[in-house]
Structures are given as structure tokens and as C-alpha cells.
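A look at the structure
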Amino acid sequence: MAVTYEKIKECKQSGARLGRLHTPHGTIDTPIFMPVGTQATVKAMTPEELKAIEAQIILSNTYHLYLRPGHKLIEKAGGLHKFMNWDRPILTDSGGFQVFSLGDLRKISEEGVDFRSHLDGSKHFISPEKAVEIQNALGSDIIMAFDECAPYPAERHYVKNSLQRTTRWAKRCKQAHQNPDRQALFGIIQGGMYKDLREQSAQEIIELDFPGYAVGGLSVGEPKPLMYEVLEYTTPLMPQDKPRYLMGVGTPDCLIEGVIRGVDMFDCVLPTRIARNGTAMTSIGKVVIKNAKYIEDFLPLDPNCGCYTCKNYSRAYLRHLYKAEEILSARLVTYHNLYFLIDLMKKIRTAILEDRLLDFRNSFFKQYGYEV
RNA sequence: GUGGCUGUAGUCAAGCGGUUAAGACACAGGAUUGUGGCUCCUGCAUUCGUGGGUUCAAUUCCCAUCAGCCACC
């Protein structure tokens, strides 16, 4: 098996899991946040910088790399790790979500998905087999099953059909997978916001026996309490000895609440995207660095942060860089935001170890400005 | 000094007699959750250089004045 999960302990206060994930490119501490590097790069960050902030694993994307530069080219380059100069673990998303968000550019059938490239309008077809073939060529440590992510809100019968198709596709993905000893294929549980459909999906997917499972179809626009509710009845259905991955989640409160509900892995574009749009996540809440009130603010972005950006630059300078559309703006704020979330996960792991995750949540929320 | 042209938001400007003075950029605020460095939403001129006149009605026409630009001396 390419990837194995080792549970270290459970938080007595919250039930959250502390563990380790062993992969071909190293061991990861969980719960973990995975920075997203869609196009074989975490935008604005070099691999050396990612290591400096202790990123242990990053995400990349099948759909985008297939379209550009092409998985064959990356295979020729010696695989994704070598191509992008990252020797730690990589997880690739299957492209299911991209297809879902492509809107009217795509048509889903039992066989797969016909779509037009968002880059040049060219026609393409991705099936479960194709998605696995691409990911096999990329050589990522963890590959994801090609699923269908239902929108929110969605009718019950639509979600049911979609989840059943996701199960059939998961089977095909497993069959198509060429090297389960070097790459772990994770299954994805769907079912929207319907409890019995989540149960059905979990049962069907888990029956196929994957080395890890993801909860998909959340964080698609539903209210947070609803997402927490779905998680609450979904994670208990998942095996204790396998990693659990909540796809697409990345606000500080959702990360903490997700861990409390038994999630081990998260990924999200939020920290890197909002960084490029002039917003930082800090210990005292969101700081919209582009706001005029920071014109003469010579304090660090986050006075409680020890990252390179906070140690060396002021809010006034960061605001100036943003307004002047300087590249360094994206670099410095991205650096900070990723540092902040990775550091948050470290604090979460320590809190689990010390059986005080609920206390940690309450104090963190209070300082951040969330309602407890 | 003489002749001509132009003055509308921070900037570039449309409107040239008739309801709440286009648009763009900038600026200000917001959004952003398995990433299109994309983008979206909202706000921003009680007033058209200034003063007077004509008219039911003036950013629009007339006069004066001020400012800028161009040409000639």
C-alpha cells in the first residue's frame, strides 16, 4: 500500500484525531492543511519557501495539468515531483470539481464528461479511466477518484443519481489504477445535504476499500452550520484506520470545526487567493490590507505572527505594494496566509495531544472575532 | 501685444436648449472555500472655470472675465 494512516491518539475533550500519514515521499502529521498548487505551483511560492513554512504536502490538479502543459510532458520530465522541484508528498485532485464548475461548457454522461477547455475552447473528454491515467502519469502520492460534485442546492433525486454514478465511476477508477503500490487512490463520498444519501454513498464507496476517503460536495455554498451537520453524521461512517479528507475547506473556523468532527486533511485555495486580492488571515481576524486605514500603519500584518513577512514588513508597505500592483504583494501576503494556516494546524495538533481542542477553539474564535 | 482653440469628478472624457449630467480609469468598501494571478458586487459631479445676460427652461446660446494650449509679432 502506497499510503497508510497511523492514528496516534484521540482528543479526550473533542474526539479529534491526531495521526500520521505515511506516503512514498515522506510522513505527514495530521490533521493537516494542504496548500493548493493547481498548475504545478503554489501561486507566488517557491518550493523552498513552502518548506520554510513547513508545508508537508501540496495539492495539484489533473484537469489543469492535462490541458497545460499536458500529462505526457510531465511524465517525460520525470513526473510531477521532479518537474516542479518538490520532493515532498503531492495529492492531485481528479478534475471532478473543475468539471462541475465548468458550467455550460460541459456535458456529463455515464461514460464520462465532455467539455470544452476554458483556455481555448477545444473539445475534450475525461472519463474515470482517463482521470486515473493522467494522475498515474503525474506520479502524485495520492490520487483522487473522478467524482461528480453536486451543486448546492440540489434536488434529492439529482443528488441520488449523481452519487450512484460517482460510485460506479469510483469502481472504474480503481480498476484503471496502474500502480496502487506507489500511488494511493482515495474514494470520494458524495450525497449532498441528505443524511440517508450520505449514508448510502459512504457505504458504497467504503465497500470498494480505498486507502483513504474524502468527503466531497461540501463547501459549495451551503451555510456553515449545514456543513458541520453533514460532517457530523458522515465522518462516523468512515473507517478509523484510514485518513479522512474534507475537500475544499480552508477558513480557520471550518478547519477547527472539521477537525473536531474527525477530519484529518483539508485543502483550499482561499488563503492563496485572498492573499492575491489584498486580504490576510491573522490571529485577530481578517485584515484587508488594501484598505485605506492601513496607509500609515507601520505595524506588522499580524503582531502575533513569527513569519518572514510579519518579521520584516509593515501593513503600510504591504498596502503600498498591493495598490502599486507589485508582484511582491502577492508573494508576501501568500507567504503569511499559508504560514498562518499551517501554524494553526500545528496548534490544533498540539491541542489534541493535550486533550484541549475545544478550549483552543473557544479562545481562537474569541480572538479571531468568530462567534463561539 | 494680436488672432484662434479649449475649459464637465482625482484623470481621460460624452452630452451642445428640455425629466435624476453617458462611459472608462482611479479612488473607497465588500465578496472570494477540491484556483481562470481571473473576476464579481456596491459607492463616488444637487452640478458643467467664474460672473452676468437671453429663454418658460442653459453644461448647451450671447457678453465679460480668468486659466491653459497653439500660431503670429
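Structure's up top.
This report concerns the structure included in the present document. (Residues numbered from 1 in each chain as written. Chains lettered and ligands numbered in written order. Predicted model: local features only at pLDDT ≥ 70, side-chain atom pairs only at ≥ 80, totals over all residues. Heavy atoms only, no water.)

We now examine the pattern of salt bridges. Enumeration over the complete set of coordinates arrives at 23 salt bridges. The partner of glutamate 54 in a salt bridge is lysine 346, and the shortest N-O contact between them spans 3.3 Å. Here the residue glutamate 54 occupies a position in the loop between helix H1 (47–52) and strand S5 (58–61), and lysine 346 occupies one in helix H14 (residues 327–353), the gap between them amounting to 292 residues. Judged by relative accessible area, which is 31%, lysine 346 ranks as partly exposed. Between lysine 130 and glutamate 133 there is a salt bridge whose closest N-O contact spans 3.9 Å. Within this pair, lysine 130 and its partner glutamate 133 are both found in helix H6 (residues 128–138), separated by 3 residues, close to a single helical turn. Residue lysine 130 is classed as partly exposed on the basis of its relative accessible area, which comes to 23%. By relative accessible area, which is 35% here, glutamate 133 ends up partly exposed. Each of Glu232, Glu257, Arg261 and Arg361 takes part in salt bridges that share partners, so that together they form one network. (Salt bridge = Lys/Arg side-chain N within 4 Å of Asp/Glu carboxyl O. Helix = DSSP H or I, 4+ residues; strand = E, 2+ residues; numbered from the N terminus. Buried < 20%, exposed > 50% of the residue type's maximum accessible area, 1.4 Å probe, protein only.)

Attention now moves to unusual backbone geometry. The omega torsion across threonine 30 and proline 31 is 0°, close enough to zero to call that bond cis. Of note, proline 31 is situated in the loop between strand S3 (26–30) and strand S4 (32–35). In this chain, arginine 68 is followed by proline 69 through a cis amide linkage whose omega measures 10°. Looking at where proline 69 falls in the secondary structure, it is placed in the loop between helix H2 (62–67) and helix H3 (71–76). At aspartate 355, a position not held by glycine, the phi torsion is positive, near 55°.

Pairing in this open sheet of 3 strands is antiparallel, and the strands run S1-S2-S3 from one edge to the other. Of all the strands in the sheet, the pair left with one neighbour each is strand S1 (4–10) and S3. Put simply, the sheet's adjacent strands are angled 20° from each other on average, direction ignored. Two strands pair when backbone bridges link them, and strand S2 (residues 17–23) and S3 are joined in this way by 5 bridges, in the antiparallel orientation. Directly across from leucine 21, in S3, lies its bridge partner isoleucine 28. (Pairing = 2+ DSSP bridges. Axes fitted to C-alpha atoms, helices over the stretch in contact; angles between N-to-C directions.)

A few words now on the packing of helix H9 (residues 224–234) against helix H10 (residues 252–260). Direction vectors running N to C along H9 and H10 enclose 20°, while the axes themselves pass 10 Å from each other. If you check the angle between H9 and H10, you find them roughly parallel. Helix-helix and strand crossings are classified by hand; for H9 and H10 the assignment is right-handed. Contact residues: Lys224, Met227, Tyr228 and Leu231 in H9; Asp253, Cys254, Glu257 and Gly258 in H10. Here the residues of the contact of H9 with H10 sort into 4 nonpolar, 1 polar and 3 charged. (Parallel < 35°, antiparallel > 145°, perpendicular 65-115°, else oblique. Left-handed = near helix turned anticlockwise from the far one by under 90°. Contact = heavy atoms within 4.5 Å. Nonpolar A, V, L, I, M, F, W, Y, C, P; charged D, E, K, R; others polar.)

On to the protein's contact with RNA strand B, then. Among the 39 residues in the neighbourhood of RNA strand B, the closest are listed as Gln98, Ser219, Gly248, Val269 and Thr272. At the protein interface, 60% of the atoms of RNA strand B within 4 Å belong to sugar or phosphate. Here a phosphate oxygen of RNA strand B and a side-chain polar atom of lysine 43 are 3.0 Å apart. Arginine 276 places a polar side-chain atom, nitrogen or oxygen, 2.9 Å from a base oxygen of RNA strand B. Of all elements in the fold, only S5, helix H5 (96–101), strand S14 (265–268), helix H11 (270–276), strand S16 (285–288) and helix H13 (315–323) reach the threshold of two or more residues within the surface near RNA strand B. Ranked by residues supplied to the surface near RNA strand B, first place goes to H11 with 5 residues. (Near = heavy atom within 4 Å. Polar contact = N/O pair within 3.5 Å; in protein donor to acceptor, adjacent residues only side chain to side chain.)

Working definition of a disulfide: a covalent bond connecting the sulfur atoms of two cysteines. Evaluated as defined, the whole model comprises 0 disulfides. Its sulfur unpaired, cysteine 11 is 19 Å from the next cysteine sulfur, which belongs to cysteine 254. The cysteine cysteine 268 is free of any disulfide, with cysteine 254 supplying the nearest cysteine sulfur at 8.7 Å. (Disulfide = S-S within 2.5 Å.)

For the rest of this paragraph, the subject is the packing of H14 against helix H15 (residues 357–368). For the pair H14 and H15, interaxial distance at closest approach is 8 Å and the crossing angle is 145°. From H14, Phe340, Leu344, Lys347, Ile348, Ala351 and Ile352 reach across to H15, where they touch Leu357, Phe360, Phe364 and Tyr368.

This brings us to the sheet that holds strand S13 (residues 244–246). Spatial strand order, S4-S14-S13-S12-S11-S10-S6-S5: 8 strands in an open sheet with parallel pairing. Two strands bound the open sheet, and with one partner strand each, they are S4 and S5. Averaged over all adjacent pairs, the angle separating strand axes in this sheet is 30°, with direction ignored. Alignment of S4 against S14, held across 4 bridges, turns out to be parallel. By the bridge assignment, isoleucine 32 is partnered in S14 with methionine 265. Helix-sheet contacts for H6 involve strand S6 (90–93) and strand S10 (142–144), and the interaxial angle to S10 is about 165°.

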